[in-house]
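Residue-level structural notes
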Amino acid sequence: MNKFVTAAAALMFSWAAVAGSVADSHTDMAGCDACHDDGMPSSDLVYENETCVGCHGDLADLTQVHQDHQGMMVCTDCHITHEEGDDASSTCANCH
Ligand code: HEC
Ligand code: HEC
Ligand code: HEC
Ligand code: HEC
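Criteria and thresholds
- Residues numbered from 1 in each chain as written.
- Chains lettered and ligands numbered in written order.
- Predicted model: local features only at pLDDT ≥ 70, side-chain atom pairs only at ≥ 80, totals over all residues.
- Heavy atoms only, no water.
- Near = heavy atom within 4 Å.
- Polar contact = N/O pair within 3.5 Å; in protein donor to acceptor, adjacent residues only side chain to side chain.
- Helix = DSSP H or I, 4+ residues; strand = E, 2+ residues; numbered from the N terminus.
- Nonpolar A, V, L, I, M, F, W, Y, C, P; charged D, E, K, R; others polar.
- pLDDT = per-residue confidence, 0-100.
- Contact = heavy atoms within 4.5 Å.
- Buried < 20%, exposed > 50% of the residue type's maximum accessible area, 1.4 Å probe, protein only.
- Arc of directions from axis to C-beta.
- Donors = N, O, S within 2.8 Å, 3.2 Å for Na, K, Ca; no water.
- Tetrahedral: all angles 85-135°; square planar, octahedral: opposite > 155°, others 65-115°.

Description of the site of ligand 3
Near ligand 3 lie 16 residues; those nearest to it are Thr63, His66, Cys75, Cys78 and His79. Contact distances for ligand 3 include 2.8 Å between a nitrogen atom and a side-chain N or O atom of histidine 66. The set of elements that each furnish at least two residues to the shell around ligand 3 consists of α3 (46-56) and α4 (64-67). Looking at the shell around ligand 3 residue by residue, the classes come out as 9 nonpolar, 7 polar and no charged.

In structure tokens form, the structure reads like this:
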């Protein structure tokens, strides 16, 4: 956990808006291991989702659209992490 916090703190000083994927931007700051156990994707993404929460907090800590889904969803239900631009809004119509 400490290494995530340290990486996040370090990045706050250098972060700029990115057009690439969230995975690319995060790999630049902390490598594949920022989200994958030993760089290897898990089959259920439980590990990956725990890393998101470890750095960003859970749904209750984020903006309104997140709070609307508290207790119901995980980050990867909306964020397609390796997709260019990560347009999380494109997932709304899957359910609404
Ligand atoms: C920000 C967290 C994050 C980082 C950093 C990251 N990944 Fe991923 N990765 C994910 C998530 C979440 C998925 C599940 C599919 C998705 O959301 O795109 C995934 C899926 C994958 C998959 C399964 C195939 C696919 O694309 O769906 C592979 C392989 C993979 N990642 C490899 C890597 C490698 C190699 C790196 C470093 C170059 C990396 N990942 C960096 C979060 C991350
Ligand atoms: C090592 C800590 C860390 C982990 C793990 C992490 N993030 Fe981030 N993330 C950051 C930091 C730092 C920023 C830049 C500052 C900010 O926007 O909060 C960021 C930015 C973002 C952004 C906006 C900028 C962009 O790249 O588009 C999204 C969306 C995001 N993260 C989603 C995720 C998701 C989804 C996961 C899990 C798959 C994840 N993050 C895992 C630290 C992390
Ligand atoms: C219901 C779909 C949904 C889920 C689930 C979701 N997100 Fe998001 N997220 C979005 C949308 C849409 C945006 C862009 C608009 C906004 O910021 O409200 C966004 C933006 C972001 C941003 C960048 C803006 C900001 O608030 O700093 C971060 C970081 C982020 N999400 C992290 C996460 C993390 C971490 C999780 C899991 C705990 C998560 N998201 C789960 C839809 C979602
Ligand atoms: C995986 C399915 C799923 C996705 C994807 C999803 N939602 Fe939801 N959303 C729900 C469920 C279930 C509820 C709670 C039940 C309800 O109130 O309809 C909810 C509740 C809400 C609410 C609270 C108000 C209400 O209707 O009760 C808003 C606003 C909302 N969603 C907007 C969005 C937006 C915007 C997106 C895309 C960023 C999104 N949702 C993506 C399933 C989803």
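Still to come is the rest of the account.
Section: unusual backbone geometry
Of note in this structure, aspartate 38 is not a glycine but carries a positive phi near 60°. Here aspartate 38 is to be found in the loop between α2 (22-30) and α3.

Structural notes on the confidence of the model for the protein chain
For any part of a model where pLDDT is low, the fine detail of the predicted coordinates should not be relied upon. Residues with a pLDDT of 70 or more make up 80% of the protein chain, whose mean pLDDT is 86. Segment residues 9-18: pLDDT under 50, and 4 contacts once partners within four positions in sequence are set aside and those in other chains are kept.

Thoughts on the site of ligand 4
Lining the immediate surroundings of ligand 4 are Val65, Asp68, His69, Met72, Met73, Thr91, Cys92, Cys95 and His96. Between histidine 69 and ligand 4, the recorded distance is 2.7 Å, taken from a side-chain N or O atom to a nitrogen atom. A distance of 2.7 Å separates a nitrogen atom of ligand 4 from a polar atom in the side chain of histidine 96. Broken down by class, the residue content of the shell around ligand 4 amounts to 5 nonpolar, 3 polar and 1 charged.

A closer look at α3
The complete set of buried residues in α3 reads Glu48, Asn49 and Thr51. End-on, the buried residues of α3 take up no more than an arc of 155°, which puts them together on one face. Looking one or two places after α3, you find glycine 57, whose phi comes out positive at around 90°.

Some remarks on the coordination of the iron atom of ligand 2
Distances from the iron atom of ligand 2 to its protein donors, His26 (NE2) and His56 (NE2), fall within 2.0 Å. The site at the iron atom of ligand 2 holds 6 donor atoms, and with the angles between them running 87 to 179°, its shape is octahedral. Here the residue histidine 26 occupies a position in helix α2, and histidine 56 occupies one in helix α3, the gap between them amounting to 30 residues.

Topic: the coordination of the iron atom of ligand 3
Protein coordination at the iron atom of ligand 3 comes from His66 (NE2) and His79 (NE2), with a distance range of 2.0 Å. The site at the iron atom of ligand 3 holds 6 donor atoms, and with the angles between them running 89 to 180°, its shape is octahedral. One end of the pair, histidine 66, is in helix α4; the other, histidine 79, is in the segment after α4, with 13 residues separating them in the sequence.

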